[in-house]
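Single-letter residue listing:
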Amino acid sequence: MHASSNPILDFSGLPRFDAIRPDHIGPAVDALLSEARQTVETIAQDTGAPTWDSVVEPLATCLDRLDRAWGAVRHINAVVNTPELRDAYNASLPHVIAFHTDLSQDLRIYDKYRALRAQAGFAALAPDQRKLIDNELRDFKLGGAELDAAGKARFKALQEELEKQGSVLSPDAAAKKQEEIRKKGRERQAFVEDSQTELQRMQQRAQAQAQNVNNEFQVKIKPHIDAVVKEKGVDILLDSQA
């Protein structure tokens, strides 16, 4: 498979997002994983003394191609997120996870890096080269390379579950989450509108009650007050809406 027939495999420049279709994803990822696994086997079966050119360079090259391609797939899935893209992405995700987990636990490759680190020529490498080797050794340890068979199996299962949990909010769950957010927004808006309507009703009831009280005062109480004022000859100021 070539870049001419699959834009995901075109590494000549920036990713060709506009040309990527769901049916490109599976074949491209399968091809790159096959290439990476073959590279791993070639390095592992090499009986010569490990060198930068025989171990680090070829592994870094195939991993860079895989990471660039998968990064483009992950990005377009997150941005476009159509059902077809989600299906293609989810179909390839377990294979990518499995490859990286297997590589991080491959004692053959781990031993190659440990041998590189122990060589007298390690000190002659450039600082960034020494750092990369040290980082790889760290990642092998963190990836479970030194665990026994049972520990590796358990670590792999946990890693796969972690990756699944990490992608929960990307595909279908993301759409559901967005719908939940929109629903809550609608509910909050409805609550505000209902509250405003109820407040207006309360204000109207209060005004009506106040008017009723004033009317009752004018009809039943004020005449008695007026009579007392006239009889006693005093002035009483009343604050009313009469």
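Each remark here, short or long, concerns the structure printed above.
Attention in this report is confined to the structure presented alongside it. (Residues numbered from 1 in each chain as written. Predicted model: local features only at pLDDT ≥ 70, side-chain atom pairs only at ≥ 80, totals over all residues. Heavy atoms only, no water.)

## Description of the packing of aromatic side chains
Under the criterion given, the structure shown has three aromatic pairs. Between Trp70 and Tyr89 the ring centres are 5.0 Å apart and the planes differ by 10°, which places this aromatic pair in the stacked class. Here the residue Trp70 occupies a position in helix H2 (residues 52-79), and Tyr89 occupies one in helix H3 (residues 83-104), the gap between them amounting to 19 residues. Arg114 extends its terminal NZ or CZ atom over the ring of Tyr110, reaching a point 4.2 Å from the ring centre. (Phe/Tyr/Trp six-rings, centres within 6.5 Å; stacked < 30°, edge-to-face > 60°. Helix = DSSP H or I, 4+ residues; strand = E, 2+ residues; numbered from the N terminus. Lys NZ or Arg CZ within 6 Å of the ring centre and 35° of its normal.)

## What to know about helix H5 (residues 127-142)
For H5, with 16 residues, the first-to-last C-alpha span of 22 Å sits near the 22 Å given by 1.5 Å per residue. Within H5, burial applies to Gln129, Ile133, Leu137 and Phe140. Seen end-on, H5 carries its buried residues on one side only, within an arc spanning 80°. Among the exposed residues of H5, those pointing more than 90 degrees away from its buried face are Pro127, Asp128, Lys131 and Leu142. Looking at the packing, one finds that the buried side of H5 touches H2, H3 and helix H4 (107-118). In the segment just after H5, Gly144 is the residue with positive phi, at about 95°. (Expected span 1.5 Å × (residues − 1). Buried < 20%, exposed > 50% of the residue type's maximum accessible area, 1.4 Å probe, protein only. Arc of directions from axis to C-beta. Contact = heavy atoms within 4.5 Å.)

## Some details on H4
For H4, built from twelve residues, the straight-helix expectation of 16 Å at 1.5 Å per residue is met to within 8% by its first-to-last C-alpha distance of 16 Å. If you check which residues of H4 are buried, you get Ile109, Tyr110, Lys112, Tyr113 and Leu116. Viewed end-on, H4 has its buried residues packed into an arc of 155°, placing them on one side of the element. Contact partners of the buried residues in H4: helix H1 (22-45), H2, H3 and H5. Sitting at the amino-terminal end of H4 is Asp106, which places a side-chain oxygen 3.0 Å from the backbone nitrogen of Arg108. (Polar contact = N/O pair within 3.5 Å; in protein donor to acceptor, adjacent residues only side chain to side chain.)

## Some thoughts on the environment of His100
Following the sequence through the fold, His100 ends up in helix H3. Look at His100 and you get partly exposed, because its relative accessible area is 32%. Residues His100 and Gly143, 43 residues apart in the sequence, show an inter-C-alpha distance of 9.2 Å. With residues up to four places along the chain from it excluded, the contact list for His100 reads Leu63, Leu66 and Asp67.

## Re the pattern of salt bridges
Where side chains of opposite charge bring their charged atoms close, a pairing between them can arise. If you walk through the whole model with that rule in mind, you get ten salt bridges. Residue Glu35 is joined to Arg65 by a salt bridge in which the shortest nitrogen-to-oxygen separation is 3.0 Å. In this pair, Glu35 sits in helix H1 while Arg65 sits in helix H2, placing the two residues 30 residues apart along the sequence. Take Glu35: its relative accessible area is 30%, and that puts it in the partly exposed class. For the salt bridge of Arg114 with Asp111, the shortest nitrogen-to-oxygen distance reads 2.4 Å. Linking Arg114 with Asp111, this pair stays in helix H4, spanning three residues, or about one helical turn. Bridged by salt links that share partners, the residues Arg37, Asp102 and Lys156 form one connected network. (Salt bridge = Lys/Arg side-chain N within 4 Å of Asp/Glu carboxyl O.)

## Brief notes about the nonpolar core
Among the nonpolar cores identified, the biggest contains 42 residues, and Leu59, Phe99, Ile109, Tyr113 and Ile133 are the most heavily contacted of them. For this core, the leading source of residues is H2, giving twelve residues. Apart from the residues lying within four places of it in its own chain, the contact partners of Phe99 are Leu33, Ala36, Arg37, Val40, Leu63 and Leu66. (Core = buried A, V, L, I, M, F, W, Y, C linked by side-chain atoms within 4.5 Å.)

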